[in-house]
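The residues making up each chain are set out below.
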Amino acid sequence: MINYIDIIIKTNLFENIDKKEIPNILENFKSQKKSCDKGNIIIDTGDKVESIYIILNGKIEISKEYEDTRKNIVNIFESGEIFAEAIALSTNKISPITAVSLSRSELIKINVKNIFDNNLKNNKNIFIENLLKIISDKNKFLSIKNDILSQ
């Protein structure tokens, strides 16, 4: 993953973090590099999502699919962007969206449990984790509300 540090440093996740510390952070979070071919489903509607993804290269389409076969494209993410954080950090981790690779893509997958599970866990970390859950829950609610209103 060292080859991708210049891409990783551009994400907001690593803002104000020394470039030299990123490999250690990724190792401590037990992050995994994942390769996807074009058309691979990374997250399907109904999946339990417990990880966030950083796109190293390629394009990922996020869409909402309906029972009557309609599909709304919510967003297309590219190199240096993250996705699935709102679902992974929320209390209800069931995905309302589908994430599909539009090209050969490489991702970093970080299980959110590994971000907060460490020997130094303290009240500050618990507070931050709870705050992120609240923000993520509200984000998911607004996304669903937006989806309903757009119909």
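For clarity, every value in this text was computed on a predicted model and none was experimentally measured.

**Quick notes on the confidence of the model for the protein**
Here is step 1 of the chain: For the protein, mean pLDDT is 87; residues scoring 70 or higher make up 91% of the total.
Here is step 2 of the chain: Averaged pLDDT values over the elements of the protein bottom out at 75 in helix α5 (residues 123-150) and peak at 98 in strand β2 (residues 41-43).

**Quick look at the sheet that holds strand β7 (residues 98-101)**
Within a sheet, neighbouring strands are paired by backbone hydrogen bonds and run either parallel or antiparallel to one another.
Here is step 1 of the chain: On the basis of which strands lie adjacent, the open sheet formed by four strands has the order β2-β7-β4-β5 and antiparallel pairing. Two strands in the sheet have a free side with no partner beyond their single neighbour: β2 and β5 (71-78). For this sheet the average axis-to-axis angle between neighbouring strands, irrespective of direction, equals 30°.
Here is step 2 of the chain: Both strand β4 (residues 59-65) and β7 contribute to a ladder of four bridges, which runs antiparallel. Its bridge partner being in β7, S63 is matched across the sheet by T98.

**Quick look at the pairing of β5**
Here is step 1 of the chain: The pairing of β4 with β5 spans seven bridges and is antiparallel. Residue pairing in the sheet places K59 in a bridge with E78 of β5.

**Here we look at the side chain of S101**
Here is step 1 of the chain: Structurally, the position occupied by S101 is in strand β7.
Here is step 2 of the chain: Since its relative accessible area comes to 1%, S101 is described here as buried.
Here is step 3 of the chain: Within the structure, the side chain of S101 is placed 2.4 Å from the backbone oxygen of S103, a separation counted as a polar contact.

**Structural notes on the pattern of salt bridges**
Here is step 1 of the chain: Counting across every chain of the model gives seven salt bridges.
Here is step 2 of the chain: In this structure, E106 and K33 form a salt bridge, with 3.0 Å as the shortest nitrogen-oxygen distance. On the criterion of sequence distance, the pair formed by E106 in strand β8 (residues 105-111) and K33 in strand β1 (residues 32-36) is long-range, its members being 73 residues apart.
Here is step 3 of the chain: The class for E106 is buried, based on a relative accessible area of 15%.
Here is step 4 of the chain: Between E78 and K59 there is a salt bridge, and its shortest N-O distance comes to 3.8 Å. Of this pair, E78 sits in strand β5 while K59 sits in strand β4, placing them 19 residues apart in sequence.
Here is step 5 of the chain: Given a relative accessible area of 38%, K59 falls into the partly exposed group.

Rules and cut-offs
Throughout, residues of each chain are indexed from 1 in the direction in which the sequence is written. Residue-level local features of this predicted model are given only where pLDDT is at least 70; pairs of side-chain atoms are given and counted only at 80 or more, and the full residue set underlies all totals for whole chains, interfaces and linings. Note that the side-chain values use all heavy atoms of the structure and ignore hydrogens as well as water. Each residue carries a pLDDT score, the predictor's confidence in it, ranging from 0 to 100. For helices the rule is a DSSP run of H or I covering at least 4 residues; for strands it is a run of E covering at least 2, with both sets numbered from the N terminus onward. Note on pairing: DSSP must find at least two bridges between two strands before they are called paired. For helices, the axis comes from a line fit to the C-alpha atoms of the stretch in contact; other axes are also lines fit to C-alpha atoms, and the angle between any two N-to-C directions lies between 0 and 180 degrees. For every residue, the accessible area (1.4 Å probe, protein chains only) is compared with the maximum for its type, and the residue is labelled buried under 20%, exposed over 50%, or partly exposed between those bounds. Under this definition, polar contacts are N or O atom pairs within 3.5 Å; protein pairs additionally need one hydrogen-donor-capable and one acceptor-capable atom, and for neighbouring residues in sequence, both atoms have to be side-chain atoms. The term salt bridge refers to a side-chain nitrogen of Lys or Arg lying within 4 Å of a carboxyl oxygen of Asp or Glu.

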